[in-house]
There are 2 protein chains.
Amino acid sequence: MAQTSEKPVTIIADSNEPPALLSRLRLIPGVHVELRELFAGDFIVGDGVAVERKSAQDFVNSIMDRRLFAQVAKMKGEFETVVLLVEGDISKSASDIAPVALTGALSWLAVIEKVSLISAGGGLGETAGALHRMAIHCQHGLGYEVPLRAGKPKELHTARQFFLEGLPGVGPGLARRLLAHFGTPSAVFSASEKELREVDGVGPGTAKKILEVLG
Amino acid sequence: MAQTSEKPVTIIADSNEPPALLSRLRLIPGVHVELRELFAGDFIVGDGVAVERKSAQDFVNSIMDRRLFAQVAKMKGEFETVVLLVEGDISKSASDIAPVALTGALSWLAVIEKVSLISAGGGLGETAGALHRMAIHCQHGLGYEVPLRAGKPKELHTARQFFLEGLPGVGPGLARRLLAHFGTPSAVFSASEKELREVDGVGPGTAKKILEVLG
DNA sequence: ACTTCCGATCCTTGA
DNA sequence: TCAAGGATCGGAAGT
């Protein structure tokens, strides 16, 4: 089972969405599309997560005639999370709007309404793909975890140094000095706060944080 | 509506931000820039609202080398609202990443992390303008002058898991199980090979490598 | 982010 | 009961 994408997801779509997009969605294995009359938004991709689909041109127009404000407010009233999926290049359609009005709208969306804007390049495939991915994330989570520490060395000494760099306040330099002073990571971990502070670059704050993380 | 805004706002900037951008900000009437060492993020434009500034290229790169996830996790730990301000055209820099990975990243930001992404076109002026607008929205858009202060510190548990991921053969999953089994990193480090192997996913090979690095 | 790959681990079989 | 097989999971590397 190599496929990430065969997990079953349900996407609720407003009945007014273009048939071409709907069938494009249904082509994706594992996707179940359900039609409904939605009061606000075009798609529901997860619990409390609504998506409004807009062409770049329509997005810009809706800023100018202030439709956007009302639409978003309505959606925010009904859903916890709202995503604006914009198809096409906004800057191409931005010629007929004051730049400040555009940045103003973007800022307002981000900072006041907490609405995310995803830009998706014109094709149906991209739109469908984005909806699918959002549905998966909402309904199944990532499906794996992202390793926070990439690029582990394999040679013993560098592996030890790298490992110690995971401690709060410890970078490459301090890691090396700790190793030089104590010999092994084990010895570092059994050191008292006082002993830790003997190492150059370890103050009270760092020592305390280290001990806290160690437990 | 007369002036766009001469209302006074304060923007806290990380001291590592380029001087050119900082002075560009200070040129804007009503903007007060305050320098600080920020633990996470590049700017604070309102109470609990942090902004991370990235070039489009850097954005794409940081997806590939996983830097972005660590950064966002850190910021979400400290601030309630996080905005990613991307300078330049992402699609231009997207050549060396699988398209599906890019949409995946955008979806992840929007739907899982609830982080807004604002695209701002390369110039300093645009970046400064966007920061200004966000500051105005935060500080005057709803309510009054706000005490600019960051929220809760990073979770202890996350720091511990991150730390354990530095061990060879230990990724997110195993790090979590180790913590669940032993309670603290300290307890893990004083375990014998036998005890280590009680944890699901730790066989002879992994146990040996772990003990070797610990010393 | 996603995918592919590889190795270690675990589980079932069958002697 | 234990050894050998294959299925499975999780980590590492690359796009």
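Up top you'll find the structure we're talking about.
Caption draft 1: View of the sheet that holds strand S4 (residues 49-55) of chain B. Residue and element names in this part refer to chain B. Strand order in this open sheet of six strands is S2-S1-S3-S4-S5-S6, and the pairing throughout is mixed. Edge strands, defined here as strands with exactly one partner in the open sheet, are strand S2 (31-36) and strand S6 (116-119). The average undirected angle you get between the axes of adjacent strands in this sheet is 30°. Strand direction decides the pairing type here: strand S1 (residues 9-14) and strand S3 (residues 43-46), joined by two bridges, are antiparallel.

Caption draft 2: Layout of the protein's contact with DNA strand D. Around DNA strand D sit Lys152 of chain A together with Met64, Arg66, Ala98, Gly169, Val170, Gly171, Pro172, Gly173, Leu174 and Arg177 of chain B, and that is every residue in its neighbourhood. Across the atoms of DNA strand D situated within 4 Å of the protein, the share located in sugar and phosphate is 69%. In this structure, a phosphate oxygen belonging to DNA strand D sits 3.4 Å away from a main-chain N or O atom of glycine 173 of chain B. No other element matches helix H8 (residues 172-182) of chain B, which puts four residues into the surface near DNA strand D. Residue classes in the surface near DNA strand D are distributed as five nonpolar, three polar and three charged.

Caption draft 3: Spotlight on helix H7 (residues 156-164) of chain B. Among the residues of H7 of chain B, those classed as buried are Ala159, Arg160, Gln161, Phe163 and Leu164 of chain B. Where H7 of chain B is buried, its residues meet helix H7 (156-164), helix H9 (185-189) and helix H11 (204-214) of chain A together with H8 and helix H9 (185-189) of chain B.

Caption draft 4: Geometry of the sheet that holds strand S1 (residues 9-14) of chain A. Residue and element names in this part refer to chain A. Taken together, the six strands give an open sheet; going across it, the order is S2-S1-S3-S4-S5-S6, and neighbouring strands pair in mixed fashion. Of all the strands in the sheet, the pair left with one neighbour each is strand S2 (31-36) and strand S6 (116-119). On average, adjacent strands in this sheet sit at an angle of 25° to one another, irrespective of strand direction. Sheet analysis places strand S4 (residues 49-55) next to strand S5 (residues 81-87), joined by seven bridges and oriented parallel.

Caption draft 5: Summary view of the pairing of S4 of chain A. When you tally the buried positions in S4 of chain A, you get five out of seven residues, the bulk of the element. The turn linking strand S3 (residues 43-46) of chain A back onto S4 of chain A is made up of two residues, and glycine 48 of chain A within it adopts a positive phi angle of 75°.

Caption draft 6: Summary view of the environment of lysine 76 of chain B. Residues and elements named next belong to chain B. Looking at where lysine 76 falls in the secondary structure, it is placed in helix H3 (residues 67-78). Measuring from C-alpha to C-alpha, the distance between lysine 76 and alanine 50 comes to 9.1 Å, with 26 residues separating the pair along the chain. In this structure the side chain of lysine 76 is engaged in a polar contact, spanning 2.9 Å, whose partner is the backbone oxygen of glutamate 113.

Caption draft 7: Summary view of unusual backbone geometry. Positive phi is not limited to glycine here, since lysine 114 of chain A has a value of about 55°. Mapped onto the secondary structure, lysine 114 of chain A falls in the loop between helix H5 (99-112) and S6.

Caption draft 8: Quick peek at the interface of chain B and chain A. Taken together, the contacts link 48 residues of chain B with 46 residues of chain A. Of the roughly 4,200 Å² buried where chain B meets chain A, counting both sides, 66% is carbon and sulfur surface. Linking chain B to chain A there are two salt bridges. The partner of lysine 114 of chain B in a salt bridge is glutamate 80 of chain A, with the nearest N and O atoms 4.0 Å apart.

Caption draft 9: Just the pattern of salt bridges, in detail. Residue and element names in this part refer to chain A. Applying the stated rule across the entire model yields 19 salt bridges over all chains. With a shortest N-O distance of 3.4 Å, aspartate 58 and lysine 54 are connected by a salt bridge. What you see here is one network of salt bridges that share partners, running through Glu52, Lys54, Asp58, Asp65 and Arg67.

Caption draft 10: The arrangement of the packing of aromatic side chains in detail. Considering all chains together, one arrives at eight aromatic pairs over all chains under this definition. Taking 4.8 Å as the distance between ring centres and 75° as the angle between the ring planes, the aromatic pair formed by phenylalanine 69 of chain B and tryptophan 108 of chain B counts as edge-to-face. Here the residue phenylalanine 69 of chain B occupies a position in helix H3, and tryptophan 108 of chain B occupies one in helix H5 (residues 99-112), the gap between them amounting to 39 residues. For the pair phenylalanine 69 of chain B and tryptophan 108 of chain B, a shared accessibility class is recorded, and that class is buried. Measuring from ring centre to ring centre gives 5.8 Å for phenylalanine 163 of chain B and phenylalanine 189 of chain B, while their planes differ by 90°; the resulting arrangement is edge-to-face. Taken as a pair, phenylalanine 163 of chain B in helix H7 and phenylalanine 189 of chain B in helix H9 lie far apart in primary sequence, 26 residues in all. Judged by its relative accessible area of 0%, phenylalanine 163 of chain B falls in the buried class. On the accessibility criterion, phenylalanine 189 of chain B (9% relative accessible area) is buried. An aromatic cluster of at least three residues, connected via ring pairs, comprises Phe163 and Phe189 of chain A together with Phe163 and Phe189 of chain B. The ring of phenylalanine 162 of chain A is capped by arginine 149 of chain A, whose NZ or CZ atom sits 4.4 Å from the centre of that ring.

Criteria and cut-off values
Residues numbered from 1 in each chain as written. Chains lettered and ligands numbered in written order. Predicted model: local features only at pLDDT ≥ 70, side-chain atom pairs only at ≥ 80, totals over all residues. Heavy atoms only, no water. Pairing = 2+ DSSP bridges. Helix = DSSP H or I, 4+ residues; strand = E, 2+ residues; numbered from the N terminus. Axes fitted to C-alpha atoms, helices over the stretch in contact; angles between N-to-C directions. Near = heavy atom within 4 Å. Polar contact = N/O pair within 3.5 Å; in protein donor to acceptor, adjacent residues only side chain to side chain. Nonpolar A, V, L, I, M, F, W, Y, C, P; charged D, E, K, R; others polar. Buried < 20%, exposed > 50% of the residue type's maximum accessible area, 1.4 Å probe, protein only. Contact = heavy atoms within 4.5 Å. Buried area = accessible area lost by both parts, 1.4 Å probe. Salt bridge = Lys/Arg side-chain N within 4 Å of Asp/Glu carboxyl O. Phe/Tyr/Trp six-rings, centres within 6.5 Å; stacked < 30°, edge-to-face > 60°. Lys NZ or Arg CZ within 6 Å of the ring centre and 35° of its normal.

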